[in-house]
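Results of the structural survey
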Protein chains: 2
Amino acid sequence: MATVDGMALGKDYATQECSIARALEVVGERWTLLVIRDALYGVRRYNDFLVHLGIPRAVLANRLQALTAEGILEKRRYQESPTRDEYVLTERGIALWPALRALGIWGREQLGGEPMRTFWHADCGTELSPHGTCATCGTLVAVRDIDMRPGPGLAADPADPVSRALLGPRRLLQPIETEQRGPA
Amino acid sequence: MATVDGMALGKDYATQECSIARALEVVGERWTLLVIRDALYGVRRYNDFLVHLGIPRAVLANRLQALTAEGILEKRRYQESPTRDEYVLTERGIALWPALRALGIWGREQLGGEPMRTFWHADCGTELSPHGTCATCGTLVAVRDIDMRPGPGLAADPADPVSRALLGPRRLLQPIETEQRGPA
């Protein structure tokens, strides 16, 4: 199992076997989960993660490598000359959405602030409940059926091109196109 | 805002204002979330966290202090001579259950292994669905109404007293009693 920079947990039975502990061994680090959040929003390219997250280059490279090794991201070549790769969420990665959504709900309810984004069932046009179901049809909405819309907490004129691309309503996982080049 | 050991995120707008990023600024670290998991299971005392998590003393002290500063744990004196404190989840801390449950579901479904614990609606005696509702009555079950039962992945004869106390069925948040003394 790939781990980030010497952060492995101890080999104690209780922490190793529990599903929560095993999940945290893989994704229990802020930058890792923020990279996955951005990938759910449609970010795929190294420079787009870089400017949107304000993440140090070495940390981003480490996290992308670890997430690829864990089968959460898949590296895909999108240009040959010069070579350019993008990072796309696998089904295993997409399955982290409920955990990230629950963290976001907690952050909003417990730490305050205006919502930056709201999430809607595309088929019904209904906002998702706090536990991720559609208030109209009652189904637990799949990630590919979720529309993300700007909320009142979103700045009107952000500096970076990814935040600008995320200003409008869009479907989760829809790839973001920016004018940025690949890694130098 | 209290942060753990120099792990604060950058001051970039996108990461600071998003509810997910704000939540991760507070709880986005494995040990922090494992301390909260144990507190949901009923662990309250320093030495009990210590033996159950196999966590270094300095890390545990730092996390308990940070979680208390954030209003996620509340420190309560339970003995005067010698003085002994315990750490009890606040409502803000209890509200993290859906996020931890979602991480556990992901760990079990994506990383494999037998369940160590299963979660049931106490009133109905029905196992919770993967999104935390009761299959019988359909309600999103509150933490205080959840029974935790041993699953097939649980070792029959664990070494530490907290794991032994967690062998049987019990209500979430029900305080664990062990023979261990407070911090030396």
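What counts and what doesn't
- Residues numbered from 1 in each chain as written.
- Chains lettered and ligands numbered in written order.
- Predicted model: local features only at pLDDT ≥ 70, side-chain atom pairs only at ≥ 80, totals over all residues.
- Heavy atoms only, no water.
- Disulfide = S-S within 2.5 Å.
- Buried < 20%, exposed > 50% of the residue type's maximum accessible area, 1.4 Å probe, protein only.
- Phe/Tyr/Trp six-rings, centres within 6.5 Å; stacked < 30°, edge-to-face > 60°.
- Helix = DSSP H or I, 4+ residues; strand = E, 2+ residues; numbered from the N terminus.
- Lys NZ or Arg CZ within 6 Å of the ring centre and 35° of its normal.
- Core = buried A, V, L, I, M, F, W, Y, C linked by side-chain atoms within 4.5 Å.
- Domains from an automatic or database assignment.
- Contact = heavy atoms within 4.5 Å.
- Pairing = 2+ DSSP bridges.
- Least-squares fit on C-alpha atoms with pLDDT ≥ 70 in both.
- Buried area = accessible area lost by both parts, 1.4 Å probe.
- Salt bridge = Lys/Arg side-chain N within 4 Å of Asp/Glu carboxyl O.
- Polar contact = N/O pair within 3.5 Å; in protein donor to acceptor, adjacent residues only side chain to side chain.
- Nonpolar A, V, L, I, M, F, W, Y, C, P; charged D, E, K, R; others polar.

- Looking at an unreviewed UniProt entry, chain A carries the name HTH hxlR-type domain-containing protein, with the source organism given as Streptomyces coelicolor.

**Some remarks on the state of the cysteines**
Residue and element names in this part refer to chain B.
- Within this structure, the stated rule accounts for zero disulfides over all chains.
- With no disulfide of its own, Cys134 has Cys137 as its nearest cysteine by sulfur position, at a separation of 3.5 Å.
- Residue Cys134 is classed as buried on the basis of its relative accessible area, which comes to 2%.

**Topic: the packing of aromatic side chains**
- Applying the stated criterion across every chain yields a total of two aromatic pairs over all chains.
- With a centroid separation of 5.1 Å and an interplanar angle of 65 degrees, the aromatic rings of Trp97 of chain A and Phe119 of chain A are classed as edge-to-face. On the criterion of sequence distance, the pair formed by Trp97 of chain A in helix H7 (residues 97-111) and Phe119 of chain A in strand E3 (residues 117-121) is long-range, its members being 22 residues apart. With respect to burial, Trp97 of chain A and Phe119 of chain A carry one shared label: buried.
- Here Arg149 of chain B stacks its cationic end above the ring of Trp120 of chain B, 3.9 Å away from the centre of that ring.

**Observations regarding the nonpolar core**
- The biggest cluster of nonpolar side chains holds 104 residues, and the ones touching the most others in it are Ile36 of chain A together with Ile36 of chain B.
- In terms of domain composition, this core takes at least three residues from each of domain 1 (1-91) and domain 2 (96-175) of chain A.
- When near neighbours in sequence (up to four residues on either side) are disregarded, Ile36 of chain B contacts Val27, Leu67, Ile72, Leu89, Gly93, Leu96 and Leu100 of chain B.

**With respect to the sheet that holds strand E3 (residues 117-121) of chain B**
All names here are of chain B.
- Across the sheet, four strands lie side by side as E4-E3-E5-E6; this open sheet has antiparallel pairing. Single-partner strands in this sheet number two, and they are strand E4 (126-127) and strand E6 (170-171).
- In this sheet, E6 lies alongside strand E5 (residues 146-150) in antiparallel orientation, the contact comprising two bridges. Within E6, the position partnered with Met148 by the bridge is Arg170.

**Regarding the relation of the copies chain B and chain A**
- Between chain B and chain A, which share one sequence, the superposing operator has a rotation angle of 180 degrees and an axial displacement of 0.0 Å; the RMSD is 0.0 Å. Expressed as a symmetry operation, the mapping of one chain copy onto the other fits a two-fold axis.
- A shared binding surface is used by both copies, with 100% of the interface residues of chain B retained as interface residues in chain A.

**Things to note about the pairing of E3 of chain B**
All names here are of chain B.
- Most of E3 is tucked away: five of the five residues are buried.
- With two bridges joining them, E3 and E4 adopt antiparallel strand pairing. Bridging from a neighbouring strand, His121 pairs with Thr126 of E4.
- The loop that links E3 with its antiparallel partner E4 comprises four residues; one of these, Gly125, has a positive phi angle of about 65 degrees.

**A closer look at the interface of chain B and chain A**
- At the junction of the two partners, chain B supplies 58 residues and chain A supplies 58 residues.
- Interface area, chain B with chain A, both sides summed: about 5,100 Å², of which 67% is carbon and sulfur.
- The tally of links between chain B and chain A comes to two salt bridges.
- For Glu25 of chain A, the salt bridge is made with Arg30 of chain B, and the minimal N-O distance between the two is 3.6 Å.
- Connecting chain B to chain A are 14 residue pairs in polar contact (both at pLDDT 80 or more).
- At the level of elements, helix H1 (13-17), helix H2 (19-27), helix H3 (30-41), helix H4 (46-53) and helix H7 (97-111) of chain B are the ones that each hand at least two residues to the side of chain B that touches chain A.
- When residues of the side of chain B that touches chain A are assigned to their parent elements, the largest contribution, eleven residues, is made by H7 of chain B.
- For the side of chain B that touches chain A, the per-class residue count stands at 34 nonpolar, 15 polar and nine charged.

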